[in-house]
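# Overview (structure and organization)
In case you want the letters, here they are:
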Amino acid sequence: QVQLVESGGGLVQAGGSLRLSCAASGRTFSNYGVGWFRQAPGKEREFVAGINWTGDMTYYVDSVKGRFTISRDNAKNTVYLQMNSLKREDTAVYYCAADRTGLGNSLRTRYEYWGQGTQVTVSS
């Protein structure tokens, strides 16, 4: 069993930055891939970024490449999403999720555990 808690969301102006954290419980968390997903009002939940269990493979949706960076600290059971150059269209609830296969790629069905989400609002 893995429990995930997101933090770091908030209100930021366009062009600003936020760092989201995903803190996990469970001693086997280091074996899981982790993904960040987001869901805007009226839209489907979409994959944003993912990282494999060792941290040496990362994946991004095209719309955030060059602006967002995912990383993990397995000693702290935490995964981060650094978001720079934020745009209004990044406004959404952001969720982290854990993938038992360890891959952390964009395939949503791999993700078994989900956090409750944290709101990110980007104003113009």
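Our subject is the structure that appears above.
Residues numbered from 1 in each chain as written. Predicted model: local features only at pLDDT ≥ 70, side-chain atom pairs only at ≥ 80, totals over all residues. Heavy atoms only, no water.

## Some thoughts on the pairing of strand β11 (residues 118-123)
Burial along β11 is one-sided: Thr118, Val120 and Val122 are buried, and none of Gln119, Thr121 and Ser123, which face the opposite way, are. Relative to β11, strand β2 (residues 10-13) is paired through four bridges, and the arrangement is parallel. Across the sheet, the residue bridging to Gly10 is Val120, located in β11. Two strands pair when backbone bridges link them, and strand β9 (residues 92-99) and β11 are joined in this way by three bridges, in the antiparallel orientation. Looking across to β11, one finds that Tyr94 is bridged to Thr118. (Buried < 20%, exposed > 50% of the residue type's maximum accessible area, 1.4 Å probe, protein only. Helix = DSSP H or I, 4+ residues; strand = E, 2+ residues; numbered from the N terminus. Pairing = 2+ DSSP bridges.)

## Observations concerning unusual backbone geometry
Although it is not a glycine, Asn77 adopts a positive phi angle of roughly 50°. Position of Asn77 relative to the elements: it lies in the loop between β7 (68-73) and β8 (78-83). In this structure, Ser85 takes a positive phi of about 50° despite not being glycine. For Ser85, the position within the fold is in the loop between β8 and β9. Judged by relative accessible area, which is 41%, Ser85 ranks as partly exposed.

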